[in-house]
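Take a look at the letters that make up each chain.
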Amino acid sequence: PRIRVVETDVTDADALDALLAGATVVVSIVPATLHGHIAQACLRIKVDLLTASYTSDAMRALEPEIEAAGLLFLNEMGLDPGIDHMSAERVIDHYLADGFRLKTFTSFCGGLPPAEFADNAFGYKFSWNPRGVFSAAMSAA
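Residues numbered from 1 in each chain as written. Predicted model: local features only at pLDDT ≥ 70, side-chain atom pairs only at ≥ 80, totals over all residues. Heavy atoms only, no water.

Participant: Hey, could you run me through the pattern of salt bridges in this one?
Facilitator: In a structure, side chains of opposite charge can pair up when their charged atoms sit close to one another. Under the criterion given, the structure shown has two salt bridges. Salt-bridge contacts for aspartate 17 lead to arginine 44; the nearest nitrogen and oxygen are separated by 2.8 Å. One end of the pair, aspartate 17, is in helix α1 (residues 13-20); the other, arginine 44, is in helix α2 (residues 35-45), and 27 residues separate them in sequence. In this structure, aspartate 57 engages arginine 60 in a salt bridge whose closest nitrogen and oxygen atoms are separated by 3.3 Å. (Salt bridge = Lys/Arg side-chain N within 4 Å of Asp/Glu carboxyl O. Helix = DSSP H or I, 4+ residues; strand = E, 2+ residues; numbered from the N terminus.)

Participant: Explain a nonpolar patch on the surface here, please?
Facilitator: Taken together, Leu72, Leu74, Met77 and Met86 make up a surface patch of nonpolar side chains, about 350 Å² in accessible area. Tracing the backbone shows leucine 72 in the loop between α4 (63-69) and β3 (73-74). (Patch = residues over 30% accessible without salt bridge, like charges linked within 9 Å, V, L, I, M, F, W, Y side chains within 5 Å. Areas by Shrake-Rupley, 256 points an atom, 1.4 Å probe, with all protein chains shown as cover.)

Participant: What's the story with the confidence of the model for the chain in this structure? I'm lost.
Facilitator: Predicted coordinates in regions of low pLDDT should not be interpreted in detail. Mean pLDDT over the chain works out to 82, with 77% of the residues at or above the 70 mark. Per-element confidence in the chain is highest for α4, whose mean pLDDT is 96, and lowest for helix α6 (residues 130-138), whose mean pLDDT is 67. (pLDDT = per-residue confidence, 0-100.)

Participant: Please clarify how α2 should be interpreted in this entry.
Facilitator: If you check which residues of α2 are buried, you get His35, Ile38, Ala39, Ala41, Cys42 and Leu43. Those residues of α2 hidden inside the fold are in contact with α1, β1 (25-28), β2 (48-51), α3 (57-61), α4 and β3. At the C-terminal side of α2, lysine 46 shows a positive phi close to 60 degrees. (Buried < 20%, exposed > 50% of the residue type's maximum accessible area, 1.4 Å probe, protein only. Contact = heavy atoms within 4.5 Å.)

Participant: Quick question: what am I supposed to make of the sheet that holds β3 here?
Facilitator: Remark on secondary structure: sheet strands pair via backbone hydrogen bonds, oriented parallel or antiparallel. With parallel pairing, the three strands of this open sheet are ordered in space as β1-β2-β3. For this open sheet the edge positions go to β1 and β3, each flanked by a neighbour on one side alone. Against the sheet, α2 engages β1, β2 and β3, with an angle of about 160 degrees to β2. (Pairing = 2+ DSSP bridges. Axes fitted to C-alpha atoms, helices over the stretch in contact; angles between N-to-C directions.)

Participant: Explanation requested: the layout of surface pockets in the structure shown.
Facilitator: In this approach a probe as big as a water molecule rolls over the atoms, and the regions it shows empty are the leftover space. Each pocket or cavity is described by its volume, and for the second largest pocket that value is around 790 Å³. When contributions to the lining of the second largest pocket are tallied by element, the ones reaching two or more residues are α1 and β1. In terms of residue count, the dominant contributor to the lining of the second largest pocket is β1 (four residues). (1 Å grid on protein atoms, 1.4 Å probe; cavity = no way out; pocket = protein on both sides within 12 Å on 5 of 7 lines; lining within 4 Å. Points joined across faces, edges and corners; volume = space filled by probe spheres on them.)

In structure tokens, the structure reads:
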């Protein structure tokens, strides 16, 4: 098999290093607050990393080490952020290429239910960690 799904304690550096040793790339879908542990392990064993989370300050702080190691760490590779950003860019590029000028652009990615189901103060249905929604709302994305 080319993909292996495992369970481990990501705060155990030795176990994490042993688990990731020999990997070509690591795809991390742990909660965003734990990506730092995965990133540190990837730096130690010199392997590229993909995450689905927004780039945190902790991840941003690792950029000099990542660059010095010649590694690729890509964050925001999920649905939101990620696919929504890429699809929005595709639409924007299409219209700009046709000579249109962009004044504003607003994107709502999958979180807005039909009005009859928007039965809370946010008008939003949580399909993942609510903390991530609030973090995204406060992000400068």
